[in-house]
Amino acid sequence: MALPGGWRTQNPFRSTYFAAQAMAAEMSTGAAASLLVLGHPASVSMLVTGLRASFTKKIVGESRFAFADLAGMREAVLRTVANGEPSLFVARSVGRTADGVVAAEFDITWSFKRRGMA
């Protein structure tokens, strides 16, 4: 997920707003979650239930946020589909500056729940 630099995402200190970074991190994990949920005949809901972030470098300008553990997230969705029990998955999104330096890490907790189960 690319996050543009410039006035739209810039705070008064000329760096990227942490909220804009959180949005990019959520989108990088949420897009994967949406595709996994939509790929099943069973109806599965998804919801962010937690967020933890650490910032190690100031982001000035464009940045990219990436999520890599698709297999782990798939397991959580499959568990929910198979047994009907809700499952949680902590998805890590890593934000890098335009030159590839890690600047932020977000752990976003996703809850998956099968609809129509008592």
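All values reported here derive from a predicted model rather than from experimental measurement.

## Some thoughts on the nonpolar core
Core analysis: the biggest nonpolar cluster contains 26 residues, and Phe 65, Met 73, Phe 89, Phe 106 and Phe 112 have the highest contact counts within it. For this core, the elements supplying multiple residues, two or more each, are α1 (18–38), β3 (63–67), α2 (70–83), β4 (87–97) and β5 (102–114). The leading source of residues in this core is α1, at 8 residues. Excluding its chain neighbours within four sequence positions, the residues that come into contact with Met 73 are Thr 29, Ala 32, Ala 33, Leu 36, Phe 67, Phe 89, Ala 91, Trp 110 and Phe 112.

## Some remarks on α2
An ideal rise of 1.5 Å per residue puts 20 Å on 14 residues; α2 measures up with 20 Å between its terminal C-alpha atoms. Considered for burial, the residues of α2 that qualify are Met 73, Ala 76, Val 77, Thr 80 and Val 81. Along α2, the residues classed as buried sweep out an arc of 135 degrees about the axis, all on the same side. Turned more than 90 degrees off the buried face of α2, the exposed positions are Ala 71 and Ala 82.

## A look at the side chain of Ser 93
Looking at where Ser 93 falls in the secondary structure, it is placed in strand β4. What makes Ser 93 buried here is its relative accessible area of 0%. If we ignore the near neighbours within four places in the chain, the residues touching Ser 93 are Ala 25, Ser 28, Thr 29, Phe 65, Ala 66, Ala 104, Glu 105 and Phe 106.

## Comments concerning the sheet that holds strand β2 (residues 44–55)
Strand order in the open sheet formed by 5 strands is β1-β3-β4-β5-β2, and the pairing between neighbours is antiparallel. What marks the edges here is a single partner per strand, and that holds for β1 (2–3) and β2. In this structure, β4 lies alongside β5, joined through 10 bridges in antiparallel fashion. Following the sheet pairing, Val 90 is matched in β5 by Thr 109. Taken strand by strand, α1 contacts β1, β2, β3, β4 and β5, and its axis lies near 40 degrees from that of β5.

## Regarding the packing of aromatic side chains
Enumeration over the complete set of coordinates arrives at 3 aromatic pairs. With centroids separated by 6.0 Å and ring planes inclined at 65 degrees, the aromatic side chains of Phe 65 and Phe 106 adopt a geometry described as edge-to-face. With a gap of 41 residues between them, Phe 65 in strand β3 and Phe 106 in strand β5 connect regions that are remote in the sequence. Using a relative accessible area of 1% as the deciding quantity, one classes Phe 106 as buried. With a centroid separation of 6.4 Å and an interplanar angle of 80 degrees, the aromatic rings of Phe 67 and Phe 89 are classed as edge-to-face. Of this pair, Phe 67 sits in strand β3 while Phe 89 is found in strand β4, placing the two residues 22 residues apart along the sequence. The same class applies to Phe 67 and to Phe 89, which are both buried.

## Looking at the pattern of salt bridges
Under the criterion given, the structure shown has 4 salt bridges. Between Arg 52 and Asp 107 there is a salt bridge whose closest N-O contact spans 2.6 Å. Of the two residues, Arg 52 sits in strand β2 while Asp 107 sits in strand β5, which places them 55 residues apart along the sequence. For Asp 107, a relative accessible area of 12% gives the class buried. Arg 92 is the salt-bridge partner of Asp 107, the closest N and O atoms lying 2.7 Å from each other. Of this pair, Asp 107 sits in strand β5 while Arg 92 sits in strand β4, and the two are 15 residues apart along the sequence. Among the charged side chains, a network of salt bridges with common partners joins Arg 52, Arg 92, Glu 105 and Asp 107.

Criteria and thresholds
- Residues numbered from 1 in each chain as written.
- Predicted model: local features only at pLDDT ≥ 70, side-chain atom pairs only at ≥ 80, totals over all residues.
- Heavy atoms only, no water.
- Core = buried A, V, L, I, M, F, W, Y, C linked by side-chain atoms within 4.5 Å.
- Buried < 20%, exposed > 50% of the residue type's maximum accessible area, 1.4 Å probe, protein only.
- Helix = DSSP H or I, 4+ residues; strand = E, 2+ residues; numbered from the N terminus.
- Contact = heavy atoms within 4.5 Å.
- Expected span 1.5 Å × (residues − 1).
- Arc of directions from axis to C-beta.
- Pairing = 2+ DSSP bridges.
- Axes fitted to C-alpha atoms, helices over the stretch in contact; angles between N-to-C directions.
- Phe/Tyr/Trp six-rings, centres within 6.5 Å; stacked < 30°, edge-to-face > 60°.
- Salt bridge = Lys/Arg side-chain N within 4 Å of Asp/Glu carboxyl O.

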